[in-house]
Amino acid sequence: MDYKNTVNLQDTTFPMRGDLAKREPQMLDKWTKQQRYQKIREICAGRDKFILHDGPPYANGKLHIGHATNKILKDIIIRSKTIEGYDAPYVPGWDCHGLPIELNIEKQFGKNLEPRDFRNKCREYANEQIEQQKADFIRLGVLGDWNNPYKTMDFKTEAGIVRSLGEIYKNGYLFSGVKPVYWCIDCGSALAEAEVEYYDKQSPAIDVAFKAVDSQEVAKKFDVDLPSGKSVFAIIWTTTPWTLPANQAICAGSEIEYALIYSPHTKDYYIVAANLIESLDTRSGLFKPDGFVFNGQLSTEEVAITWRGVAKLNGYRVAEKTLLGAELEHIKFEHPFYNRQVPMILGEHATDDAGTGLVHTAPAHGMDDYLVGVKYGLDLHNPVGNDGCYISTTEIFAGMNVFKANDKVVEILTECQRLMNKTDITHSYPCCWRHKSKIIFRTTGQWFIGMDKAGSDGKTLREQANKAVDDTKFFPAWGRARLESMIGNRPDWCVSRQRNWGVPMTFFVHKETGELHPESYVILEAVAKKIEVEGIDAWFELKSEQLPEFNLTDYVKLKDTLDVWFDSGTTHLTVVGTRPELQKANLQANEPAVDLYLEGSDQHRGWFQSSMLTGCAVTGHAPYKQLLTHGFVVDGNGRKMSKSLGNIVVPQEVMDKYGADMLRLWVAATDYSGELSISDEILKRVSESYRRIRNTIRFLLANLNDFNINKDAVAFDKMIELDRYAIAYADKLQAKIVNELYPSYQFHLLIQELVSYCSEELGGFYLDVLKDRLYTSKADGHARRSAQTALYHITKSLLGILSPILAFTADEAWEVLMHDANDSTLFHTHHKLPEIDNSDELLNKWTKLQEFRSTVLKELEAKRTEGLIGASLQAELVIHANKDLYPLLSSVGKDLKFAYMVSKVTLDQVDTSSVTVNVSKEAKCERCWHYSDDIGTNQEHATICGRCVENIAGNGETRTFA
RNA sequence: AGCCCGAUGUUGUAGUCUGGAUGCAAUCCACUCUGAUAAGGUGGCAGCAAAGGUUCGAAUCCUUUUCGGGCUACCA
């Protein structure tokens, strides 16, 4: 008889190889047809809500690995909250307005489209981009309301953005002002801080002389008697020659020491910071002629000055007396090429560590200059237009591009002999993040959300935001310091832009005064109603006559649009605040509407911050309870990905090669609080972990194939001890993962626990021990059903825990386990494992038995190396146990040999424990492969042992402990 | 330029606050099984970025350096 057929070898439809790249898309099709997202919403209806609000990616460009990482993390959380028992809807979104899209349309269609056409094209383009990105997101397994995402260009959202602006206006935080803003010539618009990046750029650096209006008087201050026909100059240093037309002052540091120095070349006299004389001379050669040696004789020219500091100053002819900057204040100088007198003023930003210690001051072109200009009442007038060219009234330079004007300025300075030196320097310079081109500072009329302006409730936005940061929980904790300093330091938020594809600032301003219409808040609501129906075109095409209820005759429409950061920064109002499924039934006053925002660490200056500011300005508190940040993705060597390094990992390729679950497992297994490394090797290692998990599941499913929980389950108090232990173990693991690791978002620790559970606890112990019982005991006998009962619970628990991460694999296995091709882990909550009596005791006992087992295994391995045994069943153990060990081992009774997978164990009590391994002299049972002395006892089954006879012909063997 | 973070075998990680033989998993090698088979079991190899300091003792504390990542600011 072939006894192999009597062994319970099961098979499963769950294949060993995942073949994910091919099968995942099929699963997705099925899920879409089933409308799984909607079905889950129905199942979850009535539960407490957990709101993770999606930060909208910009609707332009292909998905990169950073997008994928972010969305996968979000999906893991959404799924984990769902299976934990929350109603966790996920509405993905896109950021749609703004310059990058405009640029693409301009590139395609030129700049001469009608505004309405242009905006329509932008809208179409954004929609196309969204469709592409959406397909990739879905492919990642991200579960969400993909048929109904939010877009910042939805008419309702656009109207909501306008309304949010209205609230901020009403609350007193919005104001218009003239201020220097970052200005990108290529964008033709002001930029937000977040849109500015710094690169090394080359600039001309020039030293320029400003002639004193009254040289004689200035010389006297230095106790110098100026020869007739000689002049005194102040020298400034600048790397932006083009700002000289806007020069209104020279700025000195009040505590800096300034000297008057004579140039043997020009025969004139110059004011420079005393300790910068040498560096100025080094670059200009102005003061110390080659080969000059002071011989104690003074030339006629020099006699005018009382020379005393000469020797000390290495040949520089300097007036002995120096003056502090404060003593130079208000001295008048002539502009180098305009008929304009400019004063010497004082400012803290003037230092003596570079340049000449005197700072050229153009209030229209720099923040410091602007502030000091306001203080001294200087002309703030900005001569540069939106296009980066001087306006028509600018002498000499009218119509010229500012950067091109650099050369012209140099030329003119040379002509009028005011240029003392010119070199090129490479320095870090602010640039537009889109164009990478140099930006300029430009003082223009803009609209701001004030950080330090008290709102209608008497508090400043900065105060409110700081408080709100305190109330927020950060993962990881250092995010708090980051956001705090960000908000502490930021200037007023310039929200106006001068573009076409953006949400308009729907205000009417007075023709002459520029004041907002007194009924602005009401008008704005009227406009919002129109935008809700027709989109932003409603504003751009609006005629005052269409709002007859307001007196608009002396008012004009504001043409500015809003910074796109305002669009995304208000989604907690325009999206979360308006979609019913995202609202909690019992939200308390001042309670954030959203539980979690989750984005890359760059969003501290971006979305985290803009949302915080609008939240505080409109609602007085943060829009979110928790902030979770992840790092950027870098390559296997920790380098950031770049085209030139050729180390870019493309998510689509990973999915085509390994499948989405592999990418998801990679995200989960990586500590994302720092950088996330990815490379081919790393992915290979990840897929090895995956195989381990998958195979464990396969083994579990295979051995449950003939098991029906409703008919075959063994009552828990009747189960074999080892099986009860295994359930207790699984319960403890599940508790840790569900109660600690998922809620604290520490997925990498969770994955470690799970992989080591599959390898060590299950593969290395429980399942290994169980094989004998599963295969050889009576198919529907107590011993086997007890094991299967445990396996069933373990599998159900394991798949639930895995499902947020291995979304595809877990559900694939779930269908097999439940014998239902339409079921999903997410239609259920975490499996409730049966409560096991004395579980701690059991865990403790079997942990000790495992420890001793490894001693046994070492002994077996020694015998194996000696060539005495192969399979461990060839061995018999003689265990001499001391008084601690003996009760432990004997408490497992005759089942100890199964726990240790040998054919026989002899146990006695001694003082010192030891294990002896003997090779069995008995015959091998053809069926169960144990070596036994009762083979052949039964005539009918001459080649198998008594236990096997009982299992195939009797009622099945009895097991109690293992 | 300043500030912050990180670096643990080939890979992913734990341990660092609070000093005490580094640990887990995968890879690799060897043995073994052939009833999880492009599997399973057992054993083995190998690591604290570098240097210095404190200490009986340092992955851990201190200093310096290197490399990587990030942030902030701006040199007019």
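Residues numbered from 1 in each chain as written. Chains lettered and ligands numbered in written order. Predicted model: local features only at pLDDT ≥ 70, side-chain atom pairs only at ≥ 80, totals over all residues. Heavy atoms only, no water.

Digging into the sheet that holds strand 27 (residues 875–881)
Hydrogen bonding along the main chain pairs the strands of a sheet, whether they run parallel or antiparallel. With mixed pairing, three strands are arranged side by side in an open sheet as 28-27-29. Looking at the sheet topology across the chains shown, the edges are occupied by strand 28 (904–909) and strand 29 (914–919). In this sheet, adjacent strand axes meet at a mean angle of 15 degrees when their direction is disregarded. The sheet contact formed by strand 27 and strand 28 spans six bridges and is parallel. Directly across from Leu877, in strand 28, lies its bridge partner Val905. The strands touched by helix 27 (residues 839–865) within the sheet are strand 27 and strand 29, with strand 29 carrying the most contacts at an inclination of about 40 degrees. (Pairing = 2+ DSSP bridges. Helix = DSSP H or I, 4+ residues; strand = E, 2+ residues; numbered from the N terminus. Axes fitted to C-alpha atoms, helices over the stretch in contact; angles between N-to-C directions. Contact = heavy atoms within 4.5 Å.)

Quick word on the packing of aromatic side chains
Both the distance between ring centres and the angle between the ring planes are used here to describe each pair of aromatic rings. Inspection of the entire model under this criterion finds 25 aromatic pairs. Here Trp94 and Trp146 contribute two aromatic rings whose centre-to-centre distance is 6.2 Å and whose plane-to-plane angle is 55 degrees, an arrangement assigned as tilted. Taken as a pair, Trp94 in strand 1 (residues 93–94) and Trp146 in the loop between helix 5 (115–139) and strand 2 (150–151) lie far apart in primary sequence, 52 residues in all. Look at Trp94 and you get buried, because its relative accessible area is 0%. When the centroid spacing of 4.9 Å and the interplanar angle of 80 degrees are considered together, the rings of Phe337 and Tyr338 count as edge-to-face. With respect to class, Phe337 is no different from Tyr338; both count as buried. Sitting over the face of the ring of Tyr37, Arg41 holds its NZ or CZ atom 4.8 Å from the ring centroid. Of note, Arg694 hangs over the ring of Phe14, and the distance from its end group to the ring centre comes to 4.1 Å. (Phe/Tyr/Trp six-rings, centres within 6.5 Å; stacked < 30°, edge-to-face > 60°. Buried < 20%, exposed > 50% of the residue type's maximum accessible area, 1.4 Å probe, protein only. Lys NZ or Arg CZ within 6 Å of the ring centre and 35° of its normal.)

Some details on the protein's contact with RNA strand B
In the neighbourhood of RNA strand B, 59 residues make up the surrounding shell, with Arg17, Tyr198, Val359, Gln752 and Glu760 lying closest. Among atoms of RNA strand B positioned within 4 Å of the protein, sugar and phosphate together represent 69%. The side chain of Thr239 places a nitrogen or oxygen atom 2.8 Å from a sugar or linking oxygen of RNA strand B. One of the side-chain nitrogen or oxygen atoms of Glu861 is found 3.2 Å away from a sugar or linking oxygen of RNA strand B. Looking at the surface near RNA strand B, the elements that each hand over two or more residues are strand 6 (232–238), strand 14 (358–361), strand 15 (419–432), helix 13 (479–489), helix 21 (680–703), helix 24 (747–776) and helix 27. Here the surface near RNA strand B takes 13 residues from helix 24, the largest share from any one element. Residues belonging to the surface near RNA strand B are distributed by class as follows: 20 nonpolar, 19 polar and 20 charged. (Near = heavy atom within 4 Å. Polar contact = N/O pair within 3.5 Å; in protein donor to acceptor, adjacent residues only side chain to side chain. Nonpolar A, V, L, I, M, F, W, Y, C, P; charged D, E, K, R; others polar.)

Things to note about the nonpolar core
Met612, Leu663, Trp666, Phe747, Tyr766 and Trp846 are the most contacted members of the largest nonpolar core, which has 194 residues in total. With 14 residues, the top contributor of residues to this core is helix 24. Setting aside residues no more than four positions away along its own chain, Met612 makes contact with Ala465, Ala468, Val469, Thr472, Leu483, Ile487, Ala622, Pro623 and Tyr624. The next biggest cluster of nonpolar side chains, apart from the first, holds 62 residues, and it includes Phe210, Tyr270, Leu280 and Leu286. (Core = buried A, V, L, I, M, F, W, Y, C linked by side-chain atoms within 4.5 Å.)

Concerning helix 1 (residues 20–34)
Between its first and last C-alpha, helix 1 extends 20 Å over 15 residues, near the 21 Å set by a 1.5 Å rise per residue. Residues of helix 1 that are buried sit in contact with helix 2 (36–44), helix 3 (65–84), helix 5, helix 20 (660–669), helix 21 and helix 26 (807–818). Of the residues one or two after helix 1, Gln35 is the one with positive phi, at around 55 degrees. (Expected span 1.5 Å × (residues − 1).)

Some thoughts on the environment of Leu371
Inspection of the secondary structure puts Leu371 in helix 10 (residues 367–376). Residue classification places Leu371 among the partly exposed positions, given a relative accessible area of 49%. Put simply, Leu371 and Lys179 are 192 residues apart on the chain and 9.2 Å apart in space, counted from C-alpha to C-alpha.

Re the environment of Thr472
Structurally, the position occupied by Thr472 is in the loop between helix 12 (461–470) and strand 17 (473–475). Note: C-alpha distance between Thr472 and Pro592 (120 residues apart in sequence) is 9.5 Å. Apart from residues no more than four positions distant in its own chain, Thr472 is found in contact with Arg480, Met612, Ala622, Tyr624, Lys625, Gln626 and Leu627.

Concerning the sheet that holds strand 18 (residues 493–494)
The antiparallel open sheet is built from four strands, whose spatial order is 4-3-16-18. In this open sheet, the two strands that pair with only one neighbour each are strand 4 (189–191) and strand 18. As paired strands, strand 3 (residues 174–184) and strand 16 (residues 440–449) are joined by ten bridges and run antiparallel to one another. Following the sheet pairing, Trp183 is matched in strand 16 by Ile440.

A look at the side chain of Ser777
Inspection of the secondary structure assignment puts Ser777 in the loop between helix 24 and helix 25 (782–802). A distance of 2.6 Å separates a polar atom in the side chain of Ser777 from the backbone oxygen of Arg773. Setting aside anything within four residues of it in sequence, one finds Ser777 in contact with Asn8, Asp772, Ala783, Arg784, Asn951 and Glu957.

Let's talk about the packing of helix 23 (residues 721–741) against helix 24
Running from amino to carboxyl end, helix 23 crosses helix 24 at an angle of 170 degrees, the nearest separation of the two axes being 12 Å. Taken together, the axes of helix 23 and helix 24 lie roughly antiparallel to each other. Only Leu749, Leu750, Glu753, Leu754, Tyr757, Glu761, Phe765, Tyr766, Val769, Leu770 and Arg773 of helix 24 make contact with helix 23, whose side of the interface consists of Leu722, Asp723, Tyr725, Ala726, Tyr729, Ala730, Leu733, Lys736, Ile737 and Leu741. Of the residues in the contact of helix 23 with helix 24, the class split is 16 nonpolar, no polar and five charged. (Parallel < 35°, antiparallel > 145°, perpendicular 65-115°, else oblique.)

What about the confidence of the model for chain A?
Averaged over all residues, the pLDDT of chain A is 88; the fraction at 70 or higher stands at 96%. For the stretch residues 300–304, pLDDT sits under 50, and the model shows twelve contacts to residues farther than four places along the chain or on other chains. Note that pLDDT drops below 50 for residues 306–312; the model gives that stretch twelve contacts with residues more than four away or on any other chain. Here the complex is predicted with pTM 0.84, and the ipTM for its interfaces comes to 0.94. (pLDDT = per-residue confidence, 0-100.)

Here we look at the packing of helix 20 against helix 24
Direction vectors running N to C along helix 20 and helix 24 enclose 110 degrees, while the axes themselves pass 6 Å from each other. Our classification of the angle between helix 20 and helix 24 gives roughly perpendicular. Packed against helix 20, whose contacting residues are Leu665, Ala668 and Ala669, the element helix 24 presents Phe747, His748 and Ile751 at the interface. Each residue belonging to the contact of helix 20 with helix 24 can be placed in one class, and the counts come to five nonpolar, one polar and no charged.

Observations concerning the pattern of salt bridges
One pass over the full model with this rule turns up 49 salt bridges. Arg123 serves as the salt-bridge partner of Glu158, at 3.0 Å between the closest nitrogen and oxygen. Of this pair, Glu158 sits in helix 6 (residues 155–170) while Arg123 sits in helix 5, and the two are 35 residues apart along the sequence. A salt bridge links Arg497 to Asp563; its shortest N-O distance comes to 3.4 Å. Taken together, the residues Arg497 in strand 19 (residues 496–497) and Asp563 in the loop between strand 22 (561–562) and helix 16 (564–569) connect sequence positions 66 residues apart. A relative accessible area of 5% means that Arg497 is categorised as buried. A relative accessible area of 0% places Asp563 in the buried class. Salt bridges here are not isolated pairs; linked through shared partners, they connect Asp54, Lys71, Lys74 and Glu599. (Salt bridge = Lys/Arg side-chain N within 4 Å of Asp/Glu carboxyl O.)

Here we look at the pairing of strand 6
Among the seven residues of strand 6, six are classified as buried, and the element is accordingly described as predominantly covered. Where strand 5 (residues 196–212) meets strand 6, six bridges bridge the pair, whose relative direction is antiparallel. Across the sheet, residue Asp207 finds its bridge partner in strand 6, namely Trp237.

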